[in-house]
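Take a look at the letters that make up each chain.
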Amino acid sequence: SSENAGSRKGKSKGSWNPRELLGWGGALGVLCVLAMALTIPPMLASNRMDRVKELDRKGDFVNLDAAARSAEKYNPLDGEAVAYEAKAKLALGKLDESEQLFLESLDKNPKDDKTWRMLARLYIQRKDVEKAVNAAKTSRSINPLESQDTGPVEEQLRAIGAVLGYQYVPGGIDIHAVPDQ
């Protein structure tokens, strides 16, 4: 009967079966591993965006371009990486590509006042006053208290407006034609 005790339920000492391996403990282990695997892409995206922001602070636009594209692969629904890529293209003088990327970023996140300001800067470089004004107005409407960044954009618009015969009203950037004198 000692033979019977050792082979109870068809098992011998030291053996295992798949059902026992995937019992509650095993199933919990598999779920933990799966949960860890699912957190890897967001962690990679976060790390890559940290790198992108660091390159932007340093003004390294050549590497910023590539790093932003890499970050976007890990979080394709977020427009922030696309906006940084557009900023890099703008700094590198690739205005058409930059505009396309800014607009793509704004499709993903239309409430990003910083991207609207960067788009306004692009339009300022092109001397496209109406589009620059609209982008700056949109930025200001999203975040009315942001004057540190929007103020300089508006000053650039005022300067361009003076050259092109436009006048800006105080407290806003609406275009009014300067009357002939």
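Structural data are supplied above this passage.
Residues numbered from 1 in each chain as written. Predicted model: local features only at pLDDT ≥ 70, side-chain atom pairs only at ≥ 80, totals over all residues. Heavy atoms only, no water.

### Re the nonpolar core
Side chains of nonpolar character tend, in soluble globular proteins, to be buried together.
And then number 1: If you look at the biggest cluster of nonpolar residues, it comprises 21 residues, and the most contacted ones within it are F102, L119, L122, Y123, A135, V153 and L157.
And then number 2: Mapped by element, the contributors of at least two residues to this core are α5 (80-91), α6 (95-108), α7 (113-126), α8 (129-142) and α9 (150-164).
And then number 3: The element contributing the most residues to this core is α7, with seven residues.
And then number 4: Setting aside anything within four residues of it in sequence, one finds F102 in contact with A83, A86, K87, L90, T115, M118, L119 and L122.
And then number 5: Of all hydrophobic cores here, the second largest spans ten residues; its members include M49, V52, A71 and A81. (Core = buried A, V, L, I, M, F, W, Y, C linked by side-chain atoms within 4.5 Å. Buried < 20%, exposed > 50% of the residue type's maximum accessible area, 1.4 Å probe, protein only. Helix = DSSP H or I, 4+ residues; strand = E, 2+ residues; numbered from the N terminus. Contact = heavy atoms within 4.5 Å.)

### Observations regarding the environment of D113
And then number 1: Structurally, the position occupied by D113 is in helix α7.
And then number 2: Residue classification places D113 among the buried positions, given a relative accessible area of 11%.
And then number 3: In this structure the C-alpha to C-alpha distance between D113 and I142, which are 29 residues apart in sequence, comes to 5.9 Å.
And then number 4: One polar contact links D113 to R117, side chain to side chain, over a distance of 2.9 Å. (Polar contact = N/O pair within 3.5 Å; in protein donor to acceptor, adjacent residues only side chain to side chain.)

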